[in-house]
Amino acid sequence: NPRIITIDGPAGAGKSTLAKEISKRFGYTHLDSGAIYRAIGFASKEMGIDLNNEIEVLEIAKKLKIELKGSRVFVNGKDVTEEIRTPEGGVLASQVAQHREVREVVVKILRNLAQGKKVVIDGRDAGTYIFPEAQLKIYLTASPEERAKRRYRELVEKGFKVSYEQVLKEVVERDKKDKSRKFAPLTVPKGAVIIDSTGKSLEQVLNEVKKLIDP
Ligand code: C5P
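The present account deals with the structure reproduced in this document. Per-chain numbering applies: the sequence of each chain, read as written, is numbered from 1 onward. Residues qualify for local features only when their pLDDT is at least 70, as the model is predicted, and side-chain atom pairs are given and counted only at 80 or more; totals for whole chains, interfaces and linings, by contrast, use all residues. Water and hydrogen atoms were dropped before computing side-chain values, which therefore reflect all heavy atoms in the structure.

Notes on the overall build of the protein chain
No. 1: Per the secondary structure count, the protein chain includes 10 helices and eight strands.
No. 2: In terms of overall dimensions, the protein chain has a C-alpha envelope of 50 × 45 × 30 Å along the principal axes.
No. 3: Pairs at least 24 apart in sequence give 74% of the contacts found in the protein chain among residues at least 6 apart.
No. 4: As used throughout, the charge tally considers Lys and Arg to be positive and Asp and Glu to be negative, leaving His and the chain termini uncounted. By convention, the point assigned to a charge is CZ for Arg, NZ for Lys, CD for Glu and CG for Asp. Positive and negative side-chain charges of the protein chain, numbering 40 and 31 respectively, have mean locations separated by a distance of 3 Å. The helix and strand labels rest on DSSP assignments: H or I over at least four residues marks a helix, E over at least two residues marks a strand, and numbering proceeds from the N terminus. What makes two residues a contact is simply this: any of their non-hydrogen atoms within 4.5 Å.

Structure representation (structure tokens):
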């Protein structure tokens, strides 16, 4: 079995759902790398700093005590799980994720969390920069419309008032931003298996992944 499984891909492809299932079924610790960027984005906003200011964001990133316990995220001891999983949290995350040195801090945090454990990590650069040595790399994708549909349903379920068109626009914008940023842009990692989840159920995707974990 691989010790490290990475799952990269665009927003809304189903990475975190897949990572959680792999964690449950195969006994892996789930590391949600987006949660770390979201936590830093939120903390930066709360402190009232300019998210485009790399030096100030970096200072905050270094000081924060970020913990992942199961699927819950704690910042300086406070449970921020729900708060950071909002559309605003995604925007804040992608702003702080543009800064190269902030990314380096996050990579260190994640590498520390993974020490001596079997981990499944989802993100944008998990297989390229965080764990280039991972034994199994997955690139999970789906059409923008399908991803927007999923995210829209998820948001409506959580009680957000959004329109499908607005969500689709945000999905396309986030893709552009994640793929075009200077440092660690979203790409297919070398050696990754590409899985397109358009029109597939979680079970179908899991079946494909199972063969890769346990050939
Ligand atoms: O995966 P999630 O939606 O939580 O990620 C939020 C944002 O954080 C992404 O759009 C991306 O800009 C950034 N991110 C990143 N690298 C990662 C994980 C997330 O740049 N490994």
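Considerations on the pairing of strand β7 (residues 136–141)
No. 1: Among the six residues in β7, six count as buried, and that is most of the element.
No. 2: The two faces of β7 match: L136, I138 and L140 on one face and K137, Y139 and T141 on the other face are all buried.
No. 3: Between any two strands, at least two bridges found by DSSP are needed for them to pair. Pairing of strand β1 (residues 4–8) with β7 involves four bridges; the strand directions are parallel. Within β7, the position partnered with I7 by the bridge is I138. Only protein chains enter the area calculation, which uses a 1.4 Å probe; residues under 20% of their type maximum are buried, those over 50% are exposed, and those in between are partly exposed.

Here's the deal with helix α2 (residues 33–46)
No. 1: One less than the number of residues in a helix, times 1.5 Å, gives the span that helix is expected to have. Counted at 1.5 Å a residue, the expected span for α2 with its 14 residues is 20 Å, and the 20 Å between its end C-alpha atoms agrees.
No. 2: Counting buried positions along α2 yields 11 of 14 residues, so the element is predominantly enclosed.
No. 3: If you check which residues of α2 are buried, you get S33, A35, I36, Y37, R38, A39, I40, G41, F42, A43 and S44.
No. 4: Counted as a polar contact is a pair of N or O atoms within 3.5 Å, where, for protein atoms, one must be capable of donating a hydrogen and the other of accepting one, and residues adjacent in sequence contribute only when both atoms are in side chains. The distance from a side-chain oxygen at the start of α2 to the backbone nitrogen of G34 is 3.2 Å, and the residue carrying that oxygen is D32.
No. 5: Note on α2: the residue one or two positions beyond its end, G48, has a positive phi of about 75°.

So, the environment of A39
No. 1: By secondary structure assignment, the location of A39 is in helix α2.
No. 2: Taking the C-alpha atoms as reference points, A39 and T86, separated by 47 residues in sequence, lie 11 Å from one another.

Focus on the site of the ligand
No. 1: Around the ligand, the surrounding shell holds 15 residues, and the nearest of these are R38, R103, D125, R174 and D178.
No. 2: Contact between the ligand and S33: a nitrogen atom at 2.9 Å from a side-chain N or O atom of the residue.
No. 3: The contact in question runs from a nitrogen atom of the ligand to an N or O atom on the side chain of D125, over 2.8 Å.
No. 4: Areas reported as accessible are Shrake-Rupley estimates using a 1.4 Å probe. Residue values count occlusion only from the protein chains shown. When isolated, the ligand has an accessible area of 460 Å², and the protein chains bury 98% of it.
No. 5: When residues of the shell around the ligand are traced back to their parent elements, those giving at least two are α2, α5 (87–96) and α9 (164–180).
No. 6: If you tally residues by element for the shell around the ligand, the top one is α2, at four residues. The near set for a molecule or strand comprises every residue that places at least one heavy atom within 4 Å of it.

Details of the packing of aromatic side chains
No. 1: Two aromatic rings from Phe, Tyr or Trp, using only the six-membered ring of Trp, form a pair when their centres are within 6.5 Å; if the ring planes differ by under 30 degrees the pair is stacked, by over 60 it is edge-to-face, and anything between is tilted. For the structure shown, the criterion picks out two aromatic pairs.
No. 2: A centroid spacing of 5.6 Å and a plane angle of 40° characterise the contact between Y129 and F183, whose relative ring orientation is tilted. Linking Y129 in helix α7 (residues 126–130) with F183 in the loop between α9 and β8 (193–196), this pair joins segments that are 54 residues apart in sequence.
No. 3: Residue Y129 is classed as partly exposed on the basis of its relative accessible area of 41%.
No. 4: Counted as over-ring charges are cases with an Arg CZ or a Lys NZ within 6 Å of the ring centre that also lie within 35 degrees of the ring normal. One cation-aromatic arrangement involves K69 over F74; the distance from NZ or CZ to the ring centre is 4.5 Å.
No. 5: Over the aromatic face of Y28 sits the side chain of K118, whose NZ or CZ is 4.6 Å from the ring centroid.

Describing the layout of surface pockets
No. 1: Using only the protein atoms, space was sampled on a 1 Å grid; points where a 1.4 Å probe fits but cannot get out form cavities, open sets with protein on both sides within 12 Å along at least five of seven lines form pockets, and lining residues are those with an atom within 4 Å of a point. Grid points are joined across faces, edges and corners, and a volume is the space filled by probe spheres set on the points. As a volume, the second largest pocket reaches approximately 160 Å³.
No. 2: Surrounding the second largest pocket, A39, F42, A43, E46, M47, L64, V75, N76, K78, V80, E83 and I84 form its lining.
No. 3: When contributions to the lining of the second largest pocket are tallied by element, the ones reaching two or more residues are α2 and α4 (81–84).
No. 4: Element by element, the count of residues in the lining of the second largest pocket is highest for α2, at four residues.

Here we look at the pairing of strand β6 (residues 119–123)
No. 1: With five of its five residues buried, β6 lies for the most part within the structure.
No. 2: By the alternation rule, side chains of β6 split into V119, I121 and G123 and V120 and D122, which are all buried.
No. 3: With five bridges joining them, β1 and β6 adopt parallel strand pairing. Bridge pairing in β6 places I4 opposite V119.
No. 4: Taken together, the four bridges between strand β2 (residues 29–32) and β6 define a ladder with parallel strand orientation. Pairing of L31 across the sheet is with I121, part of β6.

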